[in-house]
Amino acid sequence: MKVSDNKLYLEDISNGMKIPTVKKDPTTQQLVKYAGASGDFYQIHYDMDYAKNNGLPGVILHGALKNAFLAQLLTDWIGPLGKLNKLEVQYRGMDLPGVPVYAKGNVNEISSDGTIKCEIWLEKEDGEKTTVGKAVITLPSKS
């Protein structure tokens, strides 16, 4: 994961603002590494025959890995001064290794106390949203 040198402040944010997109190119090797790191060895994430015998088009990305892609979207954007307070996602579709996915988001609400609510999602090139969610972040003020 890339650590951002970006310094983002509350005054830099506006309602409706788009969060810069992060493109991910997941691979089967990444799934194996993620299985080892997370302890999630369910065969649908690395065994092609097992996945297909269970009605899937092939091995699929771990849900928690997709969640991590969305966390990266936010932490890359808010930089070292920001804080990711809450992250919630729902899995709506499957993603496959070898097929790019795009982590995207928008600012939905900026509260007077500086709390920022965002809508986030992971989508395929055709625009299908496979993982949707929301996040709450805080940023420091320039003053």
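Summary of the structure given here. (Residues numbered from 1 in each chain as written. Predicted model: local features only at pLDDT ≥ 70, side-chain atom pairs only at ≥ 80, totals over all residues. Heavy atoms only, no water.)

Take the overall build of the chain next. A count of helical and extended segments in the chain gives 3 helices and 5 strands. The order of helices and strands in the chain, counted from the N terminus, is β-α-α-α-β-β-β-β. Taken along the three principal axes of its C-alpha coordinates, the chain extends 60 × 25 × 20 Å. Out of the 143 residues belonging to the chain, those deemed buried represent 40%. Carbon together with sulfur atoms contributes 49% to the accessible area of the chain, which is approximately 7,900 Å² in total. The positive charge centre, built from 17 side chains, and the negative charge centre, built from 17, are 2 Å apart in the chain. (Helix = DSSP H or I, 4+ residues; strand = E, 2+ residues; numbered from the N terminus. Buried < 20%, exposed > 50% of the residue type's maximum accessible area, 1.4 Å probe, protein only. Areas by Shrake-Rupley, 256 points an atom, 1.4 Å probe, with all protein chains shown as cover. Lys, Arg positive; Asp, Glu negative; His and termini not counted. Charge placed at Lys NZ, Arg CZ, Asp CG, Glu CD.)

Turning our eyes to something else, we now look at the packing of aromatic side chains. Enumeration according to the criterion identifies 1 aromatic pair in this entry. With centroids separated by 6.1 Å and ring planes inclined at 75°, the aromatic side chains of Tyr42 and Tyr50 adopt a geometry described as edge-to-face. What makes Tyr42 partly exposed here is its relative accessible area of 40%. (Phe/Tyr/Trp six-rings, centres within 6.5 Å; stacked < 30°, edge-to-face > 60°.)

So, on to a nonpolar patch on the surface. Together, Val32, Phe41 and Tyr46 make up a nonpolar patch on the protein surface, roughly 310 Å² of accessible area in all. With respect to the element layout, Phe41 can be found in the loop between helix 1 (28-38) and helix 2 (48-53). Looking at Phe41, the relative accessible area reads 46%, which means it is partly exposed. (Patch = residues over 30% accessible without salt bridge, like charges linked within 9 Å, V, L, I, M, F, W, Y side chains within 5 Å. Salt bridge = Lys/Arg side-chain N within 4 Å of Asp/Glu carboxyl O.)

Okay, the sheet that holds strand 3 (residues 101-110) next. Ordered in space as 1-3-4-5-2, the 5 strands form an open sheet in which the pairing is antiparallel. Because the sheet does not close on itself, it has two edges, and the strands there are strand 1 (18-24) and strand 2 (83-91). The mean inter-strand angle of the sheet, taken between neighbouring strand axes irrespective of direction, is 20°. In the packing of helix 3 (residues 63-78) onto the sheet, contacts are made with strand 1, strand 2, strand 3, strand 4 (115-123) and strand 5 (129-138), and the angle to strand 2 comes to roughly 145°. (Pairing = 2+ DSSP bridges. Axes fitted to C-alpha atoms, helices over the stretch in contact; angles between N-to-C directions. Contact = heavy atoms within 4.5 Å.)

The tally for this structure, following the rule as stated, stands at 7 salt bridges. As a salt-bridge pair, Lys23 and Asp25 come within 3.9 Å of each other at their nearest N and O atoms. A salt bridge links Glu123 to Lys104; the nearest nitrogen and oxygen atoms lie 3.0 Å apart. Of this pair, Glu123 sits in strand 4 while Lys104 sits in strand 3, placing them 19 residues apart in sequence. Shared partners join several salt bridges into a network, and the residues in it are Lys86, Glu88 and Lys134.

In short, geometric facts, not functional conclusions.
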